[in-house]
Structures are given as structure tokens and as C-alpha cells.
Amino acid sequence: MTLTQWVQQLGEIVWGPGMLVLLVGTGIFLSLRTGFLPWRNMGYALRCVLSREARSRVRGAGDVSPFSALMTALAATIGTGNIVGVATALVSGGPGALVWMELSALFGISSKFAECMLAVKYRERNDRGEMSGGPMYVLKNGLRHRRLGAFLGGAFALFAMVAALGIGDMTQANSIAGSLRSAFGLSPSLTGAVLTVLTLGIVLGGIKSISRIASFVVPTMAVLYLSAGVLVILGNLSAVPAAIAAMFRMAFSVEALSGGAVGAVTASMADAARYGVARGCFSNEAGLGSAAITAASATAKEPVRQGYINMTGTFFDTFVVCTVTGLAICSSGMLGALDPATGQVADGAALTMLAFSTVLGEGGTTLVTVCITLFAFSTILGWEYHGEKAFEFLFGSRPVLFYRVVYALAVYVGATQELALIWGISDVFNALMAIPNLLSLLLLSGVVSREIRAFEPQVALQRQAWCRAKP
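Draft legend 1. The side chain of Asn-41, seen in detail. The residue Asn-41 is located in the loop between α3 (37-40) and α4 (42-50) in this model. Here Asn-41 falls in the buried class, since its relative accessible area comes to 1%. Among the polar contacts made by the side chain of Asn-41, one reaches the side chain of Arg-463 at a distance of 2.9 Å. Setting aside chain neighbours within four positions, we find Asn-41 in contact with Tyr-308, Met-311, Glu-456, Val-459 and Arg-463.

Draft legend 2. Region of the structure containing a positive patch on the surface. A grouping of Arg-33, Arg-40, Arg-144, Arg-450, Arg-453 and Arg-463 is seen on the molecular surface, where their side chains present a positively charged patch. With respect to the helices and strands, Arg-144 occurs in the loop between α8 (135-142) and α9 (146-184). Arg-144 sits in the exposed class, given a relative accessible area of 82%.

Draft legend 3. Summary view of empty space enclosed by the protein. Counted according to the given criterion, the structure contains four cavities of 30 Å³ or more. For the largest cavity, the calculated volume is near 100 Å³. If you trace the largest cavity, you find 13 residues lining it, with Ala-76, Gln-172, Phe-282, Glu-285 and Thr-379 closest to the centre. Of all the secondary-structure elements, those providing two or more residues to the lining of the largest cavity are α5 (66-77), α6 (80-93), α9, α13 (269-284) and α17 (362-395). Residues of the lining of the largest cavity, tallied by class, amount to four nonpolar, eight polar and one charged.

Draft legend 4. Focus on the environment of Cys-281. Following the sequence through the fold, Cys-281 ends up in helix α13. What makes Cys-281 buried here is its relative accessible area of 6%. Taking the C-alpha atoms as reference points, Cys-281 and Gly-313, separated by 32 residues in sequence, lie 13 Å from one another. Leaving out residues up to four positions away in the same chain, Cys-281 has contacts with Leu-23 and Ala-286.

Draft legend 5. Looking closely at the layout of surface pockets. Volume-wise, the second largest pocket comes out at about 220 Å³. Met-71, Leu-74, Pro-219, Ala-222 and Phe-316 are the residues nearest the centre of the second largest pocket, which is lined by 15 residues in total. The set of elements that each furnish at least two residues to the lining of the second largest pocket consists of α4, α5, α11 (206-235) and α15 (303-332). Here the lining of the second largest pocket takes five residues from α11, the largest share from any one element.

Draft legend 6. Local environment of the packing of aromatic side chains. Under the definition given, this model contains 16 aromatic pairs. With a centroid separation of 5.5 Å and an interplanar angle of 80 degrees, the aromatic rings of Tyr-44 and Tyr-308 are classed as edge-to-face. Of this pair, Tyr-44 sits in helix α4 while Tyr-308 sits in helix α15, placing them 264 residues apart in sequence. Judged on exposure class, the residue Tyr-44 and its partner Tyr-308 are both buried. Between Phe-113 and Tyr-308 the ring centres are 5.0 Å apart and the planes differ by 40 degrees, which places this aromatic pair in the tilted class. Of the two residues, Phe-113 sits in helix α7 (residues 96-121) while Tyr-308 sits in helix α15, which places them 195 residues apart along the sequence. Judged by relative accessible area, Phe-113 falls into the buried class, the value being 1%.

Draft legend 7. Quick peek at the pattern of salt bridges. Inspection of the entire model under this criterion finds seven salt bridges. Lys-121 is paired through a salt bridge with Glu-451; the nearest N and O atoms lie 2.8 Å apart. Here Lys-121 is found in helix α7, whereas its partner Glu-451 is found in helix α20 (residues 445-454), with 330 residues between them in sequence. On the accessibility criterion, Lys-121 (35% relative accessible area) is partly exposed. Look at Glu-451 and you get partly exposed, because its relative accessible area is 23%.

Draft legend 8. How the structure looks around the nonpolar core. One finds Trp-15, Phe-113, Leu-118, Tyr-308 and Phe-356 to be the most contacted residues of the largest nonpolar core, which totals 92 residues. Of all the elements, α15 adds the most residues to this core, at eleven residues. With sequence-adjacent residues up to four places away left out, Phe-356 is seen in contact with Tyr-225, Ala-228, Gly-229, Val-232, Ala-328, Gly-361, Gly-364, Leu-367 and Val-368. Judged by nonpolar contacts, the second largest core, of 41 residues, contains Ala-155, Phe-159, Ala-163 and Leu-381.

Draft legend 9. Summary view of the state of the cysteines. Within the structure shown, the criterion is met by zero disulfides. No disulfide involves Cys-371; its sulfur sits 14 Å from that of Cys-322, the nearest cysteine. Note on Cys-371: relative accessible area 0%, which makes it buried.

Draft legend 10. Main features of the packing of helix α10 (residues 188-203) against helix α18 (residues 400-416). The N-to-C vectors of α10 and α18 enclose an angle of 160 degrees; their axes lie 8 Å apart at closest approach. The angle between the axes of α10 and α18 places the two elements in the roughly antiparallel class. Relative to α18, the crossing made by α10 is right-handed. Contacts between α10 and α18 pair Pro-188, Ser-189, Gly-192, Ala-193, Leu-195, Thr-196, Thr-199, Leu-200 and Val-203 from the former with Arg-404, Val-405, Tyr-407, Ala-408, Leu-409, Val-411, Tyr-412, Ala-415 and Thr-416 from the latter.

Conventions adopted
- Residues numbered from 1 in each chain as written.
- Predicted model: local features only at pLDDT ≥ 70, side-chain atom pairs only at ≥ 80, totals over all residues.
- Heavy atoms only, no water.
- Helix = DSSP H or I, 4+ residues; strand = E, 2+ residues; numbered from the N terminus.
- Buried < 20%, exposed > 50% of the residue type's maximum accessible area, 1.4 Å probe, protein only.
- Polar contact = N/O pair within 3.5 Å; in protein donor to acceptor, adjacent residues only side chain to side chain.
- Contact = heavy atoms within 4.5 Å.
- Patch = residues over 30% accessible without salt bridge, like charges linked within 9 Å, V, L, I, M, F, W, Y side chains within 5 Å.
- Areas by Shrake-Rupley, 256 points an atom, 1.4 Å probe, with all protein chains shown as cover.
- Salt bridge = Lys/Arg side-chain N within 4 Å of Asp/Glu carboxyl O.
- Lys, Arg positive; Asp, Glu negative; His and termini not counted.
- Charge placed at Lys NZ, Arg CZ, Asp CG, Glu CD.
- 1 Å grid on protein atoms, 1.4 Å probe; cavity = no way out; pocket = protein on both sides within 12 Å on 5 of 7 lines; lining within 4 Å.
- Points joined across faces, edges and corners; volume = space filled by probe spheres on them.
- Nonpolar A, V, L, I, M, F, W, Y, C, P; charged D, E, K, R; others polar.
- Phe/Tyr/Trp six-rings, centres within 6.5 Å; stacked < 30°, edge-to-face > 60°.
- Core = buried A, V, L, I, M, F, W, Y, C linked by side-chain atoms within 4.5 Å.
- Disulfide = S-S within 2.5 Å.
- Axes fitted to C-alpha atoms, helices over the stretch in contact; angles between N-to-C directions.
- Parallel < 35°, antiparallel > 145°, perpendicular 65-115°, else oblique.
- Left-handed = near helix turned anticlockwise from the far one by under 90°.

Here is the structure:
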């Protein structure tokens, strides 16, 4: 067995049923412990995100506005998983995978709230005056057993740093280079060189530079992709009711069923749950702790309010972007179709391109390629900050410039090399990140419950103020 095969098998083990149960189970436990307040206050959270105040830095201490912190977190989460990951889940788990993806995200909202709220509560200032936070600081400062907390915090930081270089950097660059080579015939070396220069120019400016780009790129690319996806759904509107019916039928069927109206794909409830939950967690990263690192940089006086703002990332990522991708594919009739380029069943980006081309023609293929490029590049930027803060926790803030340069240079390596081994290693460390983070959420669930309930009167006052402000 080769090293690559061994690592891939290890990845299947760590991302197996046990990890998926732990991720979803923690979300269920936190939802119950908080009285489902993250769900009940989703409207409040969305209004906070869209408010003018969220774009300012007048409310508390921090490095960037609450909106910019959210956009930077979304830059890291809204990526190829929303295009490639959803398509792969539908092929492997059938249309019902989309239902399980959204069910897992429903409880992931509570996990995302808890990890981001705790990150703001237990953050620190580094020697450059910048905010530093995330699960490593939550574990270090929040647990009563300080030695255990410091050990677990260091473990999380190590796993996050490796995952950032892999899943957040080289693999994303590889996806961009592959897409641009297939669509436009661009050389991976040229693509890698351009991406390296762009990445270095942005990340050298730190979180303020990254958040400034993310605040523009993320909304722009989301509107572009969602507009195209909605056009595809409307163009195949007559097939949507049958597609939705097949999704729910296959999501909860014990026996393996065919996709019927949504393609020649056969899957059972077990397949749908496995691939739907796995791809959903990979896409929105709820429970992994990555978004909490960015949340800690926000200008925030109340940790709970920033937790509410950042939990909307799961809503936008899964309930909006992934849902549009899934419905566009299922209503197009392309699920189970053959890829003309390979003669095999279309999967991943190729399937999404086929679905979009049913309404948009060749323009659909081009648009998906552009969106993959933008999504993946924003992921590179968002994960740089995650990896940088993990590096800083382990080695201090002085050598951070070294990390930024190494991270940018790794983009070129990713764009120009075969990365089967790197993909496998990245999957393993991505899963390992979740373990200490989920442990911190479970051990500090009492703190989460007390904080969110204590903040409830402020939610009520804010709602009253909004009502009075209506004309």
C-alpha cells in the first residue's frame, strides 16, 4: 500500500460515522442546552448582519468590523465545497443527501454560534495590539485545568496550521489551476505565478487587507453564482416539484431507491445521510472551529452578539448557496448523466457545469469555472488568517511575516503539482481540528447557555427599537 493510499484510508476512518455523529451530536446538544435560541433568534442575527452598525467599528474593541469578520469567515467556507462538494454528495448519496446536508446545518448553527461566541469571550491582544482568538485560546483560557487546556489548544493550533496549508491553500490553488486549464487552456505555471503574487500582496497586509478584499469578493461572487443558479432553477421549473419529492423520498428510505425524475442515481437513506452530513460539515465548517478564529478579530463588546452574527455564515453557506446548487442539479435532469469529456457519470464540477448549461448554454460552463476560481481564491485568503493565528499561538507573533510568505509560495506548489497525498493529509488534519474544538464546546456548554440567556433582554430591546423605527 502506498503512502497516499494509506493516508486516504486514514481520512475515511477519521471522517467516518463516529466523527459525523460527534459533529451533529454536539450541535444537537448545544441546541437543547441553549433552548434553541440560536434558531429562534435567526431573524435578529440576520438583521444585525445587514445593519449599518455591523459595517462600522464603533462597538467595542477589535481589528475589523463585525460584517468584515463574517465575510472573511465566509471567504474561507464558501468555496469549492458549495459547487464540487454538493455535486459529489448528490452522485454518491442521491438527491436525499441535500436534505441531510441541511438537517446537519440546522444543528451546525448552534455549534457555529457557540464556538464564535466563546472565541470573542476568551480572546487576547498580541504584542502588536491585534486581537488573537479561536478554539486554542478558548481551551487555554476557558478550561479550569490550565495544563490540559494549553495542551489541547496547542494540538488544535498544530492541526489548524497544517490544514490551512493543505485544504485552505494548496488544494484550492490546484482546483483553480485545473479549472482554468480545462476551460481556457491556461498553463498551471502561469496560473500559479499569478495566484502567488496576488495572495502575497493581500496577506502581507494582515487581517485588515484580507477582510477588505473578502468584503467585496464574497458578496459579489455569491450574487453572481446565486443569480445564475436561480435562472437554472426557473428554466427547469416544471421539474422542481418532482425533484423535491425525490429528495425527501430518498432521504428517508431504508431501501435503496432510484432517483427517478432527478436522474439514474440509486442510493439509500444511509448513503444520503453519510454523504449529506459529511459534505455539509466540509462546506460550512460548523464545529471545526475555523470561523471562530476570524470572529475573534471583530470589533465586539458583546460576545453573544458576534456569535449571532457569525452563525449566519452557516445559514448563507448551506441553506442558500448549497441549496441553490442542489436544486439546480436535481431539476436539470443531469444527475446520473454521462460526462461527454470522459464518458463516465458526471461528478463534481463537471456535473454542476452540465446542469447550468441546460439553461445558460456554454455560458453556464464558463460561469461555473469563474465562480470556482473566485470561491477557491477567497478560501485561500480566509484560511491564511486561520493558519496565521494558529502559527502565532505556537510560535509568537514575530515570525508571522515568515508564515505569510511561505503560505503564498505554497500556492504555486499547489497549482503546479499533483496533490493526491496533500488532499489526503488535509482531510485528516481537518477532522483532527474538530476534536479539541468540539471538546471545548461540550465542556463550556454551561458558559454558552448562561451567556446567551443573559443576553436575551438586549435582543428584546433591539427588536422593540426596530419596531419603533418602522414608518
